[in-house]
Each structure stands twice: as C-alpha cells, then as structure tokens.
Amino acid sequence: MPDAPDASDVPGAPDAPGAVDAPGAPGAPGGRGTPAPPVILGDEPGSFPHAVLAERHPAIVRQVARDLPYDPARRRALDALLENCLKGSIEPLPADAHDHARWTAWDMDAHAGRSWFEVPWLWSESYFYRRLLDAVGYFAPGPWQGVDPFRPAKLADLDAPETDAELAALDALPPDGLAAALLHGSVWGNRADLGFRLSAPGAADRAEVPPLVADDSERLWSLLPPAGDATLCLVADNAGRELVPDLLLIAHLLTHGRVRRAVLHVKPHPYYVSDATPADVLDALRRLTGAGGTAARYGHALREALADGRLTLRAHPFSCAPLPYARMPEDLRADFAAATVTVLKGDLNYRRLVGDRRWPPTTPFADVTAYFPGPVAALRTLKSDVITGLAPATQAALDATEGDRWRTAGAHALIQVRH
Ligand SMILES: O=P(O)(O)OC[C@H]1O[C@](O)(CO)[C@@H](O)[C@@H]1O
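What counts, and at which threshold
Residues numbered from 1 in each chain as written. Predicted model: local features only at pLDDT ≥ 70, side-chain atom pairs only at ≥ 80, totals over all residues. UniProt positions renumbered as here; feature names shortened; annotations may be inferred. Pairing = 2+ DSSP bridges. Helix = DSSP H or I, 4+ residues; strand = E, 2+ residues; numbered from the N terminus. Axes fitted to C-alpha atoms, helices over the stretch in contact; angles between N-to-C directions. Contact = placed C-beta atoms within 7 Å. Near = placed C-beta within 6 Å. Nonpolar A, V, L, I, M, F, W, Y, C, P; charged D, E, K, R; others polar. Domains from an automatic or database assignment. pLDDT = per-residue confidence, 0-100. Core = buried A, V, L, I, M, F, W, Y, C linked by C-beta atoms within 7 Å. Buried ≥ 20, exposed ≤ 12 C-beta atoms within 10 Å, placed from the backbone. Parallel < 35°, antiparallel > 145°, perpendicular 65-115°, else oblique. Left-handed = near helix turned anticlockwise from the far one by under 90°.

- Under an unreviewed UniProt entry, the name given to the protein is Damage-control phosphatase ARMT1-like metal-binding domain-containing protein, and the source organism is Streptomyces fumanus.
- Regarding the protein, the UniProt comment filed under Cofactor (unreviewed entry) reads as follows: "Mn(2+)".
- In its Sequence similarities (unreviewed entry) section, the UniProt entry covering the protein states "Belongs to the damage-control phosphatase family. Sugar phosphate phosphatase III subfamily."

This is the structure we're talking about:
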C-alpha cells in the first residue's frame, strides 16, 4: 500500500544523496574528528555480507514462495528477482512506482546498473526487500495487495509454545526486579527469545566473556527516573518474540510512572522478513491479552494507552530507508529530538545509527552518534560486523576466545547509551 511522502521526497532535503554518506564527509557519523572508515559492501566472497546476498536472500525468496499460494505470475516474478540478485545488475523502480521519487532521493540512480554485490550492503539488502514486495504484488491493485509475504513465518514465531512459558515466567519475577528483567528481555528478544532466563543473576559473571559486551543500563535508567515526565521513543525491530518484550517494557514504564508518553516506531511495510509493522503490533497485543497474568494486564494497559494517546504508533517511510540515520529527514529528527531518550532496537537499527562501516570496535559510541538529535540508546544482539564502543580489554578477550564469530553469532548483546 502506498505510504505517505516524507521530507526526503523534497529535492535538497537534508538527506539528499551523498550528503553525509561519503567517508569523511562533514556531518558523517564519526563527527568530532573521528574519520569515517569504509562503508561495508557485499563483494568479498566468504564474508558475512556476501553470504547474506548470495545465500540468505535466495533462501528468503524460496521461503516466501513456499509459504503462500502465489499465482504463476507472482512466482515468475520471484524467480526473476532471484536471477537478477545473483547474476544481474540493479534495476531502478518503474517510473510510475508510488515511491519512485523517494528511492531517487535514496541514491537509486547512483546504484542502478551495478551489481548487487558492489553497492553498500545496507542499500542492496534494503532494496532487495523493496523488489520482493513488488514481485509478490504487495503494492499493486489486486488480490495480493497489502498481503504480508512474511506473515506465516511471523505468526509461527509469535504463536510458538515457548512464548507461553516465557510470558508465564513474568508472574514469577520479584516486583523490584521486573524493570531490569524486562530491559534484558527486550535486548535478548532481538535474538528471538524473551531471554528472561538469560538475565538470571550471576549468569554474566560466570561466562568467560560476559554475554553483554557493553552495559550502560544504569545510564538508561538515570534518564527515566521514577515519577518523571519522560517521553520514550522506541524504534522497534522484529515482530513476534522481540516485539512482545518491547511492548512489555513500554507497558511497565508507562504503568510505573517512569514514562509519561511513549512513541513506538514500526515499519510502514514488510521488511527484513520479521520487522514489525502496525499489523504485527496488533497481533502481539492479541497474544498478550490472551495470555493471562501480568502479560494480559500489560496488554490491556497498552490498548488503553493507544486509545488515550499516551502511546503513539508511527510508521515513517524512513524506517525502511536504505540509509544511515545521519540522513534522516527533518520530521523524524524532530520526533527524536522531542524524546527524553530514543531506544533503537536490533542489529539493523544499530548499523543505521552508527553507520554501516568498518569501525575499529573501540571507536567511542558517543562520537559516532553525536549527530543524533537527543539522548539515544542501542539495545542489540550482535548479528553483523559493525561494532563501536567496546573497551579494549573486552575486544581483546572476544578476539582471543572467539576469533571473529562474536560479531555475527548473536551470542553477545549490548546496551549502549549516549546522553
Ligand atoms: O533483526 P535485526 O536485529 O535488525 O537483524 C537483522 C540483521 O540480519 C541481517 O539481515 C543478516 O544478518 C543483517 O543484515 C541485519 O543487520
């Protein structure tokens, strides 16, 4: 379904092509004099980004074709997309596409005609999902318009029996430990489990390298004091078993007076398989209210907060942009600027926050996020090469015990905050 134009459709908008994405360009992440290292491409066989383009994307196309009974025309379009991604070059959107101007502002002309492997990996991954939605008829008038190709996979995840146990575990948590447990549930939910058990006291101390490689949670809590007047902006990542703990955290903060107002950003259309859309928020609320106990209470509290305006849902087009947040449009910048703190969930949001670049892992997080219009927190499990803000000893211990695997395996997570 066509989404509303955003500020980046305007020629000369601050996120105009090339404005801040070139290494070392003024305003590029890395401000305060930190030179920006190269942007990550997908052109190195054997590298993680290359494997995503060459192996994961074909698997996603095959899964979509299996999960829904698309007609022959849709199936031919999916086959053509697969062939194009692996062997062809990037084709621009048709001139009459509803979002043609937006993608033009998002560097489409600069990348058209090149191999999918040779352009910024963030860009090619994002464009892949845009083309996949075209292939399945998501935007075109007809029977498949607005049908989420990933909905079967999302529902299977949301309805997994493990979720019942995880939600029931909420009732056993001591009241004074609930906030910390929900924060950890939100972090580890990014690995697609609620993770309450992972946050069991002592677990981190026993591990050779702690599961949390950076933990600024005290700084985050200091931004949200009890009985304060805070506005929380939470930029969600995945639906299902990540969105559920995100929603529980928001409900807890609202009902305990640590947050007066919350804004939840989700994607305007299906993206990166499991990214949350407004429809997924409704599915997750249904799951909560149907669960009983604390989960149901929080589910009902969220429905009330949506209805009376204390919780606002946003689906901004830039949430599906193939660009770093340094190029966000003015209206989104104003939204984040108005928040007491903006919490960005997940790996992709982290890549977009710090810039999808080969940062030395000890590059200060505060430096690379200095451009962000207000206090910002990243809650993320590590699932791609990008990382900043590590203490030298932590990096050394990770390298020594795990080689490069710690960057992508999702076994570690971080909570990083810049005031
Ligand atoms: O859901 P998340 O945490 O944003 O993770 C998505 C990540 O998965 C990948 O698509 C492949 O690992 C990455 O490109 C991306 O950063």
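### Quick notes on the sheet that holds strand 5 (residues 341–345)
- In spatial order, the strands read 1-7-6-5-2-3-4; together these 7 strands make up an open sheet with mixed pairing. The open sheet is flanked by strand 1 (212–215) and strand 4 (311–314), the only strands paired with a single partner. Neighbour to neighbour, the strand axes of the sheet diverge by 15° on average, direction disregarded.
- Both strand 2 (residues 231–235) and strand 3 (residues 261–265) contribute to a ladder of 5 bridges, which runs parallel. Residue pairing in the sheet places V235 in a bridge with H265 of strand 3.
- Against the sheet, helix 11 (residues 243–255) contacts strand 2, strand 3, strand 4 and strand 5, and its axis sits at roughly 180° relative to strand 2.

### Topic: the site of the ligand
- Around the ligand, the neighbouring residues are V52, E125, N190, D237, N238, Y272, G346, D347, L348, R351, K383 and S384.
- With 4 residues, helix 15 (residues 346–354) is the single largest residue contributor to the shell around the ligand.
- Here the shell around the ligand is composed, by residue class, of 3 nonpolar, 4 polar and 5 charged.

### Observations regarding the domain arrangement of the protein
- Each assigned domain of the protein is listed here: domain 1 (37–147) and domain 2 (158–418).
- Taken residue by residue, the interface counts 17 residues in domain 1 and 18 residues in domain 2.
- Among the secondary structure elements, those contributing two or more residues to the side of domain 1 that touches domain 2 are helix 1 (48–67) and helix 5 (121–135).
- If you tally residues by element for the side of domain 1 that touches domain 2, the top one is helix 5, at 7 residues.
- Taken together, the residues that form the side of domain 1 that touches domain 2 break down as 15 nonpolar, 1 polar and 1 charged.

### Some remarks on the confidence of the model for the protein
- When pLDDT is averaged along the protein, the result is 89, and 88% of the positions lie at 70 or above.
- Segment residues 1–29 is flagged for pLDDT under 50; beyond a separation of four residues in sequence, or across chains, it makes 68 contacts in the model.
- Segment residues 193–206 is flagged for pLDDT under 50; beyond a separation of four residues in sequence, or across chains, it makes 27 contacts in the model.
- On the interface metric, ipTM, the complex scores 0.96, and its pTM is 0.91.

### Describing the nonpolar core
- Ranked by internal contacts, the top residues of the largest apolar core, which has 102 residues, are L232, L234, L247, I250 and V343.
- When residues in this core are grouped by element, the largest group, 9 residues, is from helix 11.
- The residues that make up this core include at least three from each of domain 1 (37–147) and domain 2 (158–418).
- I250 has contacts with L232, L234, A262, L264, L302 and L311, leaving out every residue within four places of it along the chain.

### Looking at the packing of helix 2 (residues 72–87) against helix 5
- It is at 8 Å that the axes of helix 2 and helix 5 come closest, and there the two elements cross at 155°. By the angle between their directions, the pair helix 2 and helix 5 is classed as roughly antiparallel. The handedness of the crossing between helix 2 and helix 5 comes out as right-handed. For the pair helix 2 and helix 5, contact is made by R74, A77, L78, L81 and C85 and by F128, R131, L132 and A135, respectively.
- For the contact of helix 2 with helix 5, the residue count by class is 7 nonpolar, no polar and 2 charged.

### What about the pairing of strand 5?
- Across the 5 residues that make up strand 5, a large majority, 5, are buried.
- By the alternation rule, side chains of strand 5 split into V341, V343 and K345 and T342 and L344, which are all buried.
- Summarising the sheet, strand 2 and strand 5 pair through 4 bridges and their orientation is parallel. Bridge pairing in strand 5 links L232 to V341.
- The sheet contact formed by strand 5 and strand 6 (residues 376–381) spans 4 bridges and is parallel. Residue T342 lies in a different strand from strand 6, and its bridge partner there is V376.

### Points about the packing of helix 8 (residues 178–189) against helix 11
- It is the contact of helix 8 with helix 11, at a shortest axis distance of 8 Å, that shows an interaxial angle of 150°. Here helix 8 lies roughly antiparallel to helix 11, going by the angle between them. With respect to the hand of their crossing, helix 8 and helix 11 are arranged in left-handed fashion. Side by side, helix 8 and helix 11 meet where L178, A179, L182, L183, G185, S186 and G189 of the first sit next to P245, D246, L248, L249 and H252 of the second.

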